[in-house]
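# Descriptive analysis of the structure
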Amino acid sequence: MQPEVFALSSNAFCVLRASYTSTASEIAELMDEAQFEGTVSESDLHKAQQALVIPRLRLAAELGWLPELSQAQIEKIFDRRLTLSSGALLSSVEMLPELARANLIADLCGRQATDVDAVNALMASWDTLDNSSLFDFIGSGRKVSGFPSPDWKSFLIALQHLKERHAATATASLLRSPTPQDAVRRLVDGNSSDGSPSSFLSLIVKEYENRNEATLSRITDEIGEAVEAGNSQPKQIQSSVAKIHKLLLEWMDLLGPVSPSYVSRGLTEPRSKALFQKCRAFSLHLANDEARYEDARKIALALLTCFIPYQELTKVAEKDLNDLDDLIKEQRDLELFQPLYSACDEAKSHYFEFSKTLKAQGLNAGSSAPVGALVRATNSFIAGNGNPNVGVNVLRDLALTCNNDHGDPEASYLLTQFVLERFRTLVDDGVVETLEEDAGTVFKNWKISDLEKNSKNLSWMIQQLQGIVAVAPSTVRREFSNMLDALIEARRKKRIKWAWIAGIAAIIIVPAIISENKTSTPRSSYTSSNTTTTRTTSYSPSVDDYQESVPPIGTGLTLSKPQVRYCTFQGRRLDLLRSMAATSSAVFKFNVLIEDYNSRCSSFRYWGSDLTSVEAGASGRTAQFQQEAANLSRNW
């Protein structure tokens, strides 16, 4: 049996000092001489003799010696090889025939730890070996020595065995270096870049893996045990994950150095692929069945880190890692969102307390429940980098509930402003615009409702609107400003109207009465009978008593009786309409009617008793005025 480590000193030609042309009889004589010297054991001498005289064994000895060198060259280099340094030896054998050079370098590797340069030189010798020339040399030596020539097949088989022996010796030599994995890695990296690695390199890789087989098997078994423990005992998951991570690192420390030889051929090392699949299955189980996303991510990250040379595996690991990151973010968002959702739900469930506290104490972390809890949950959500769109949606839903379900626009506005303040810089412009529109709508609902409650107090409304305009959201500020302007104008005209009416008795009525008394125009009057009992005849108005005529725009005009009737009746209708203006649109239309009325009826002259007569007729038409006011309001 050939020794594992290649050594020229153990070759049969070296032991018996024979040459390629030594005949069987010469070998026998050399055997006697060696026995006489007594430096080699009898068993080794007999093995050497058999190796040279048995054709099947002789071929291995011939190839493993120094073929294609003369006897003088052999004697010279053989004695010097032990005294030369590694570099000097490599230089001295550089010009020798390929197999002789390979045998000398392999002998060097067998005697000491060598560097990558020596193994590269050995590899180059094998890669440039001329099999035909070597076969011819062996054949010529057999012919002279009287032994039968080998066949080509036997020659190739023996040559392959020698090549494997050299690879095993070179691998062992690298593993004796101070940094064995690094040496193997540099060797493989340096010879795998062209996509067609040397066949000798493949033998080194195989030998390297064989030498680590026991450790690799142990790692595989321990990972299997860790996976089984994690699957069957949830309490063991964390320790199993940590153990798997550690074992994967150990695995790639061993097989990482040879991975380029697979990658250069577009392959994945089979055992690494199988181990990857086993660990990935455990990671998927943790994520899908146990919702242990963080633990699953640790394994996915370990797989990505450890198997990074293999693109086929890293693509899968990267996708798993991205998916797990998304799941972890969703889980974290849910954990952040849950307290905020619960706080909003609590506010809805205890709405009276929420609204009261909100208006009394404001939205502060120190406010009483449930307001304070809502603010704290919002702050925690933002501090934890929760999804701002999710936070806005749940808080906006609460604000809409305030306005739509509880008719509480004030609380809705305060909450919407709080959301804008907290999230304005965290969401896009479209979300901000929606929130600002919400704020404007509920602010208008709030303030219009307050104004309607005191709509008959013009001065109070103006005072309130002045404050409203100062704080109104930009989306509705102009609307309130226009309303304020309209009310100020209405007040101004109303003051003018009442000033004129107050002066009528002294300025208008008296001259009119005097003028009437001087005319011959008949007047309507009551008549009494000449009976004993005196009674007042009831008054039955004619159709003319209710005819109205819209007066022209202007002040100080003398109006006809139908025009005076319009101003009086329209004033009654407007008083009734004032309480029917329930929306901002209705208020606007009502103000238009007031403005039109003031432009025609704020200051006018009339004849005689026209005003008294018209007012007397109006006193019995309240129901008619209500119906007419209602008809007008329907168009709002």
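Predicted model only: the values in this text are computed from it and were never measured.

On to the overall build of the protein. In terms of helices and strands, the protein carries 30 helices and two strands. Over its C-alpha trace the protein gives a radius of gyration of 56 Å, far above what one expects of a compact globule, namely 26 Å for 636 residues. Once the C-alpha set of the protein is aligned to its principal axes, its extents read approximately 190 × 45 × 40 Å. Across the 636 residues that make up the protein, the buried fraction comes to 43%. Across the protein, contacts joining residues at least 24 apart in sequence account for 70% of those joining residues at least 6 apart. The average position of the 67 basic charges and that of the 77 acidic charges among the side chains of the protein differ by 14 Å.

On to the state of the cysteines. One pass over the full model with this rule turns up one disulfide. Between the sulfur of Cys 567 and that of Cys 601 lies a disulfide, 2.1 Å long from S to S. For the disulfide bridge between Cys 567 and Cys 601, the dihedral angle about the S-S bond is near -75 degrees, and by the sign convention the bridge is left-handed. Note that Cys 567 is positioned in helix 27 (residues 561-578) and Cys 601 in helix 28 (residues 584-601), a separation of 34 residues in sequence. Judged by relative accessible area, which is 2%, Cys 601 ranks as buried. With no disulfide of its own, Cys 279 lies closest to Cys 306 among cysteine sulfurs, the gap being 8.9 Å. Classification of Cys 279 as buried rests on a relative accessible area of 0%. The thiol of Cys 344 is unpaired, and the distance to the nearest cysteine sulfur, on Cys 402, comes to 9.6 Å.

Turning our attention to a nonpolar patch on the surface. On the surface, a nonpolar cluster with roughly 180 Å² of combined accessible area is contributed by Val 53, Ile 54 and Leu 57. Residue class for Val 53 comes out partly exposed when judged on its relative accessible area of 31%.

All chains considered together, the criterion is met by 15 aromatic pairs. Centre to centre, the rings of Phe 443 and Trp 446 are 5.9 Å apart; their planes meet at 80 degrees, and the pair counts as edge-to-face. Pair noted here: Phe 443 and Trp 446 are both in helix 23 (residues 429-453), with a separation of three residues, about one helical turn. Trp 446 gets classed as buried once you look at its relative accessible area, which sits at 15%. On the numbers, 5.8 Å between centres and 80 degrees between planes, the contact of Phe 443 with Phe 480 is edge-to-face.

This part is about the pattern of salt bridges. Tallied over the entire structure, the rule returns 31 salt bridges. Notably, a salt bridge pairs Asp 107 with Arg 81, separated by 2.9 Å at the nearest N-O pair. Remark: Arg 81 occurs in the loop between helix 5 (71-80) and helix 6 (86-92) and Asp 107 occurs in helix 7 (residues 98-111); sequence separation between them is 26 residues. Note on accessibility: Asp 107 and Arg 81 belong to one class, buried. A salt bridge links Arg 424 to Glu 436; the nearest nitrogen and oxygen atoms lie 3.0 Å apart. Here Arg 424 is found in the loop between helix 22 (409-423) and helix 23, whereas its partner Glu 436 is found in helix 23, with twelve residues between them in sequence.

What follows is about the side chain of Thr 401. Following the sequence through the fold, Thr 401 ends up in helix 21 (residues 388-405). Apart from the residues lying within four places of it in its own chain, the contact partners of Thr 401 are Lys 348 and His 406.

By secondary structure assignment, the location of Asp 438 is in helix 23. By relative accessible area, Asp 438 is classed as buried at 15%. In terms of polar contacts, Asp 438 uses its side chain to reach the side chain of Arg 396, at 2.4 Å. Apart from the residues within four sequence positions on either side, Asp 438 is in contact with Arg 396 and Thr 416.

What follows deals with helix 23. Between its first and last C-alpha, helix 23 extends 36 Å over 25 residues, near the 36 Å set by a 1.5 Å rise per residue. Within the span of helix 23, buried status applies to Val 431, Val 432, Leu 435, Asp 438, Ala 439, Gly 440, Val 442, Phe 443, Trp 446, Lys 447, Ile 448 and Leu 451.

In this section: a negative patch on the surface. Residues Glu 26, Glu 29, Asp 32 and Glu 33 make up a contiguous surface patch of negative charge. With respect to the helices, strands and loops of the structure, Asp 32 is situated in helix 2 (residues 24-37).

The N-to-C vectors of helix 20 (residues 371-383) and helix 21 enclose an angle of 165 degrees; their axes lie 11 Å apart at closest approach. Relative to helix 21, the element helix 20 is oriented roughly antiparallel. Where helix 20 crosses over helix 21, the two elements pack in a sense that is left-handed. Contacts between helix 20 and helix 21 involve Leu 374, Thr 378 and Phe 381 from the former and Pro 388, Val 390, Gly 391, Leu 395 and Leu 398 from the latter.

Our next topic: the confidence of the model for the protein. Mean pLDDT over the protein works out to 87, with 91% of the residues at or above the 70 mark. Per-residue pLDDT stays below 50 along residues 497-543; that stretch engages in 26 contacts with residues further than four places along the chain or on separate chains.

For the peptide bond that leads from Ala 369 to Pro 370, omega is 0 degrees, which places it in the cis range. A positive phi angle, near 60 degrees, is found at Arg 17, a position not held by glycine. Within the secondary structure, Arg 17 sits in the loop between helix 1 (12-16) and helix 2. For Arg 17, a relative accessible area of 58% translates into the label exposed.

Let us now look at the packing of helix 17 (residues 293-306) against helix 18 (residues 311-349). Look at helix 17 against helix 18: their axes get within 9 Å of each other, and the N-to-C directions meet at 155 degrees. Here helix 17 is positioned roughly antiparallel relative to helix 18, judged by the angle of their axes. Pair helix 17 / helix 18 crosses with left-handed handedness. Here Tyr 293, Glu 294, Ala 296, Arg 297, Ala 300, Leu 301, Leu 303 and Leu 304 of helix 17 come into contact with helix 18, specifically with Thr 314, Ala 317, Glu 318, Asp 320, Leu 321, Leu 324, Asp 325, Leu 327, Ile 328 and Gln 331. Broken down by class, the residue content of the contact of helix 17 with helix 18 amounts to eleven nonpolar, two polar and five charged.

By size, the foremost hydrophobic cluster in this structure holds 103 residues, and its most contacted members are Leu 16, Leu 63, Leu 248 and Phe 307. No other element matches helix 14 (residues 237-255), which puts nine residues into this core. Non-local contacts of Leu 248, meaning those with residues more than four positions away in its chain, are made with Ile 223, Leu 275, Cys 279, Ala 302, Leu 303, Cys 306 and Phe 307. Formed by 72 residues, the second largest nonpolar core is a distinct cluster that contains Leu 340, Phe 569, Cys 601 and Phe 604.

Analysis parameters
Each chain has its residues counted from 1, running along the sequence as written. Selection of residues for local features in this predicted model requires a pLDDT of at least 70, selection of side-chain atom pairs for listing and counting requires 80 or more, and totals for whole chains, interfaces and linings are taken over all residues. Note: side-chain values were computed over all heavy atoms of the structure, leaving out hydrogens and water. Helix numbers and strand numbers start at the N terminus; a helix is a DSSP run of H or I with at least 4 residues, a strand a run of E with at least 2. Here the globule rule reads 2.2 Å times residues to the power 0.38, and the radius of gyration is calculated from C-alpha atoms. Whether a residue is buried, partly exposed or exposed follows from its accessible area with a 1.4 Å probe, protein chains only, as a fraction of its type maximum: under 20%, in between, or over 50%, in that order. When checking whether two residues touch, look at their non-hydrogen atoms; a contact exists if any pair is within 4.5 Å. Note on charges: Lys and Arg go in the positive column, Asp and Glu in the negative column, and His and the chain ends are not counted at all. To locate a charge, the coordinates of NZ of Lys, CZ of Arg, CG of Asp or CD of Glu are taken. Two cysteine sulfur atoms make up a disulfide if the distance between them is within 2.5 Å. In this analysis, a patch consists of residues with relative accessible area above 30% that form no salt bridge, clustered at 9 Å for like charges and at 5 Å for the nonpolar side chains Val, Leu, Ile, Met, Phe, Trp and Tyr. Computed by Shrake-Rupley with a 1.4 Å probe, the accessible areas treat only the displayed protein chains as cover when residues are assessed. Whenever Lys or Arg places a side-chain nitrogen within 4 Å of a carboxyl oxygen from Asp or Glu, that contact is recorded as a salt bridge. Two rings belonging to Phe, Tyr or Trp (six-membered ring only in the last case) form a pair when the distance between their centres is within 6.5 Å. Interplanar angles under 30 degrees mark stacking, angles over 60 mark edge-to-face geometry, and anything in between is tilted. For this analysis, a polar contact is any N or O atom pair within 3.5 Å, provided that within protein one partner can donate a hydrogen and the other can accept it, and provided that sequence-adjacent residues contribute only side-chain to side-chain pairs. One less than the residue count of a helix, multiplied by 1.5 Å, gives the span that helix is expected to have. The axes used here are C-alpha line fits, helices contributing only the stretch in contact, and every angle between their N-to-C directions lies in the interval 0 to 180 degrees. Angular relationships are summarised with four words: roughly parallel below 35 degrees, roughly antiparallel beyond 145, roughly perpendicular across 65 to 115, and oblique for the angles in between. Note: crossing handedness is left-handed where the near helix turns anticlockwise from the far helix by less than a right angle, and right-handed where it turns clockwise. A residue's pLDDT is the confidence the predictor assigns to it, expressed on a 0 to 100 scale. Three categories are distinguished: nonpolar for Ala, Val, Leu, Ile, Met, Phe, Trp, Tyr, Cys and Pro, charged for Asp, Glu, Lys and Arg, and polar for the others, with Gly belonging to the last. Only buried residues count toward a nonpolar core. Its members are Ala, Val, Leu, Ile, Met, Phe, Trp, Tyr and Cys residues joined through side-chain atoms within 4.5 Å.

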